[in-house]
Structure formats: structure tokens, C-alpha cells
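Tertiary structure, described
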Amino acid sequence: MHGRPAVASVASPFLGVSLLLCASGFAACATGGAAAGSAASPAASASSAERIDAAMNARIRAEGMERSRVLETAIMISDIHGPRLAGSSGFMTAANWARTQLAEWGLASSRLEPWGRRGKAWELERFSVEMLAPYYLRMNAIPKAWSPGTAGIVTGTPVLVTIRGDSDFVRYRGKLRGRIVMNGGTAVPRNRFDAPARRLTDRELDSLTRITDPGEPRTYWEDADGFLEALARRKRIDDFLRDEGAAALLEPSRNANAILTASHVSYSTDRTGAVPAFMVAREHYDAILRLVERQRAVRLELSLTSRFTQTDSLGYNVVAEIPGTDSRVGQEVVMVGGHFDTWQAAAGATDNAAGSAVAMEAMRILKTLGVNPRRTIRMALWDGEEQEDYFGSMGYVKRHYGDPGPMRLLPDHAKFSAYFNVDHGTGRIRGFYLQGNAAARPILAAFLEPFRDLGASTLSISNAGSTDHMPFASVGLPAFNSIQDPIDYDPKTHHTSLDFADYLLEDDLKQSAVVMASLLYHIAMRDERMPRTPLPAPKRANR
Ligand SMILES: [Zn+2]
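Notes on the structure follow. For clarity, every value in this text was computed on a predicted model and none was experimentally measured.

1. Looking at the overall build of the protein chain
- Within the protein chain, the secondary structure is distributed over 15 helices and 17 strands.
- A burial count over the protein chain gives 60% of its 543 residues as buried.
- Contacts spanning at least 24 positions in sequence make up 85% of the contacts within the protein chain whose residues lie at least 6 apart.
- When the accessible surface of the protein chain is summed, it comes to about 19,900 Å², and 53% of that surface belongs to carbon and sulfur atoms.

2. A closer look at the pattern of salt bridges
- The tally for this structure, following the rule as stated, stands at 36 salt bridges.
- Here glutamate 130 ties to arginine 138 by a salt bridge, and the two come within 3.4 Å at their closest N and O atoms.
- Residue class for glutamate 130 comes out buried when judged on its relative accessible area of 15%.
- Ionic pairing is found between arginine 242 and aspartate 243, a salt bridge with its closest N-O pair at 3.0 Å.
- The class for arginine 242 is partly exposed, based on a relative accessible area of 33%.
- For aspartate 243, a relative accessible area of 49% gives the class partly exposed.
- Members of the salt-bridge network, linked through shared partners, are Glu63, Glu66, Arg67, Glu361 and Arg364.

3. Comments concerning the sheet that holds strand 3 (residues 141–143)
- Pairing in this open sheet of five strands is mixed, and the strands run 3-8-7-6-5 from one edge to the other. If you trace the sheet from one side to the other, it starts and ends with strand 3 and strand 5 (158–161), each paired once. Each neighbouring strand pair of the sheet contributes to a mean axis angle of 25 degrees, computed without reference to strand direction.
- Both strand 5 and strand 6 (residues 180–183) contribute to a ladder of four bridges, which runs parallel. The residue bridging valine 161 from the neighbouring strand is asparagine 183, located in strand 6.
- Where helix 9 (residues 282–293) meets the sheet, its contacts fall on strand 5, strand 6, strand 7 (248–252) and strand 8 (277–280), and the angle it forms with strand 5 comes to roughly 95 degrees.

Cut-offs applied
Residues numbered from 1 in each chain as written. Predicted model: local features only at pLDDT ≥ 70, side-chain atom pairs only at ≥ 80, totals over all residues. Heavy atoms only, no water. Helix = DSSP H or I, 4+ residues; strand = E, 2+ residues; numbered from the N terminus. Buried < 20%, exposed > 50% of the residue type's maximum accessible area, 1.4 Å probe, protein only. Contact = heavy atoms within 4.5 Å. Areas by Shrake-Rupley, 256 points an atom, 1.4 Å probe, with all protein chains shown as cover. Salt bridge = Lys/Arg side-chain N within 4 Å of Asp/Glu carboxyl O. Pairing = 2+ DSSP bridges. Axes fitted to C-alpha atoms, helices over the stretch in contact; angles between N-to-C directions.

Quick look at the structure:
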């Protein structure tokens, strides 16, 4: 998920701020997401027209609960293959492993499908950040992704700055040459008394259900532009530090508890020539701030060896499927997916080996049961979700279904039923965001009803942003992001140095794979495609 600025989330980081406030209390809200008592409960709104294959659901449960491979798959993707930064050798090795595994499970056309040109790749080789005086400290730090290396060992006294935008440049012009720059002040850790892992309460789920206005982001562009503006601002600060000849940049981690947050202010791909940069654990960073503020003689020493590879390589998604068998709708597609790429600080177990493994396991379950779906069931593991523009999923949508800029659609756009995205950690699926698609509610409610006992029955009309369903929604295709229990995600593992398989919950992953397998199967067997919302307006001639 894109690292949007976190807010005290009650239900999900995907929703606009106003909706979150709604989710926390029943009080009617002034803007977006106004709660209205009228929204019927899911069971009541389930369409009785939908055919539920109880026998198939029982077989899916048995395979998914008793002979599950989901945890092993998530471990193989994460701790065994390590960080999978977009385009890196770690990404490609893990992607090839997934392709082979899917083929071994018997899935058809398991492949690495190019989505477009991705530019440079980045490899981290080694680094160290130490305080030598007034006492020795091996700093808990991580280089920012795409950061160039240092010219050997850099030693020096740090200079404290607060640069948030262009207007701050004038205060530091001519004062930073050869210096180790520390940008950012101390911050009191947030949420100290909040449990890092918890289950969504019935009250929270019910208020999500009752939301009537989907809220922001109403369009793909609303979602993308905010992020791109933040990146542009970030780039201007980086260029200023480079032009001022700073030797290195240290910034504090968003999370406390020695957790390093790898994203947010990481460089984007074209950053050769930038200042070597590190994210530092908040506790260590703040200790140095206090030393410097009290005029103690601080001396730091750091080094970074990293390299850029492949100047203009292709980017790849992992794709595999179970072909449709129906003469009328066999070419139509229902899809599940999640991003496969990670940041560089850890093995991306909860973000997003968990979602990737759920998608793979749902396919394994259906293939093992020998289903003959009417429509084609396809899965994709996306490249580049963490980077600017959902590279992998947007590249895929542009290649197969259409371009949201001019809203130029391709023939296969008419042969698409629905896309389901999983990208919110290890927590079990509690339901889906409908992305404003009210007509989909009774259908999905009917298909989820058999899994009410597993806690998966919530449907919210809300628009969710910040992940790979957005490119599908951008060309008017039905796309649904999962509602999941927040298990250690924002407080601990999301884009951090803690994101390893220790944080995976097997029972939750099993539940998610079972729910997803059943949904895919039933949507593939429907007479009709999933209903659609009106086509969004074209935004730009070209992008
Ligand atoms: Zn993610």
C-alpha cells in the first residue's frame, strides 16, 4: 500500500479522513460517509437470485483449512526470498519462484508478464551508521531505497535542520557543504497505549456497512495526484541538499520502538547524484538531537555501498490462471491479486507476502479441487505498487483493458467481471469495500453469507485508495479491496524493519484464502458479469 500519511485509523487507512471519524462513532457526519440508519444489514440485502454451491464451499473449506499451504507460501515469499524492491534481483528471484510454484500446482499459463519499462533497479550491498563521540553507539538505521552510496567513509559532526519545503531553503543555503544533515525534530511516540493487533469490532463493522456516501478518493487521479505532489516536494528538498553539497542525510523513522520505516521519503527511481540518505530509529535519532541541542561534541561515521543496475529494463508481474470452460463467457475474467514488491528494510511478510500468498493459495485450492469455472479465474502478483504509480497493476490495466487518461478502452474491457485486491497485512478478511458499486452489494453479500461464521460478511460502499485495485477502478472496472483486521500493521510491520514472517497469522491467512477461493468460483459461475459503476471521466490526454 502506498505510504500515505497515517491517521489514527479505526477501520482502515484506505478511507478518507472523514469516513474514519464516521467509523469510530455512530454520530451522523457532515461530509462524505454520512451515516444513515436506512442502510440494510448485509444478510437482508443478499440477493436470493445468486446460486450458492454449498457442496463446493464445503470442499473449499476442507482443502483450505485442513491441507493449507498458505503459511508456507508466505514464508517462502518473505523470509526465504527477502526484500523484493521493485525491479531488484530479490524481486525477480522471488517472482520466478512463484511462477514455478504456480505451474507445479497445475495452474495454466503461469508466467512473468511484462507490464512496461521500469527504468533503473537498485541493490543494497552494505552500510553502517555509528556514533563515535561522546560515546559509542551503533545506530539502528537503514539506507533509503534508491539512495546512492557514499564516497567511502563519511565522518563528521551533524547539523540539525528543519526542511519541509522550498521556503526553508534560504535558512540553510551555503551552510551544508560536506555536512551530515539531520532533518526533522523529535516526536512523541503515538498510540503508546493502543494494542498493536486487534479485531475489528461489530460496532466498527456495522458503521462501515451503514456508510452511504463512498467519500474520497472519488477518482483514481484524486488518489494519485496527492501522492505525486508529496513526491515532487520531496524531490525538491533532495535536489537542494545535493546542490548544497551535503555529505549525507539522516531522517527519523515514523515509528518508535526501534522500528525503521522504509518508505515515505524514500527516493524514487531516478535519484543518482542525490545525497546518500538513511532512516534512523527514532530513539537513536532523538538521543543525538538532545546531545547536539546541549552543545555536546557529537561525531558520526557512516558508509553505504549500493548500486544501480539495468538502466532501462522491463518490469514484470506474476500471472497465472484457471481457464474458463463456457462457450459464451469462457473468455471473461474474474481476478484476484496483491502486490509482490516490498520496501528494502525487511522481507515484506505482512506487506505483502500475506496478500500474495492468499491469492496463490485461493488458486491452489480451486485447482486442487479440479474446478471447471465458466469464466477464466486469474491471479496477479504486482510489481511496483510501492512506487509512484502502481507501476505493475497500472501497466497491466493499460495493456489489457484501457488507458484512464484519455479513457481509451480495449476490447477485453467488455470481457472483465471483477478484480479483488488483498493488501492489508496478515489479518483475516472481514469483507470488502464496494468502491461506490451499490449494485454489487447484494451479490457479494449472498456469496459471503456462507462465511459469516468466519467473520467475513461486511460490505461498505466506501471508496478505498492507495493500492492496486485503483488502476482497475480508474477505467470503470469493478474492483474491490479487502477489509481486514488490523494485526500489528501500522504500529509495527507496515513498511518497517520488523516485517518478517514472525508476524504472520496462519489461521487468518487460511480464512482469507478460503473466502477468496469461494468468491472467485461463484463469480466465475454467474450468468452475468458483475455490475459496473458509470465510466469515470477522462482526465488527461496522455500520462
Ligand atoms: Zn502493501
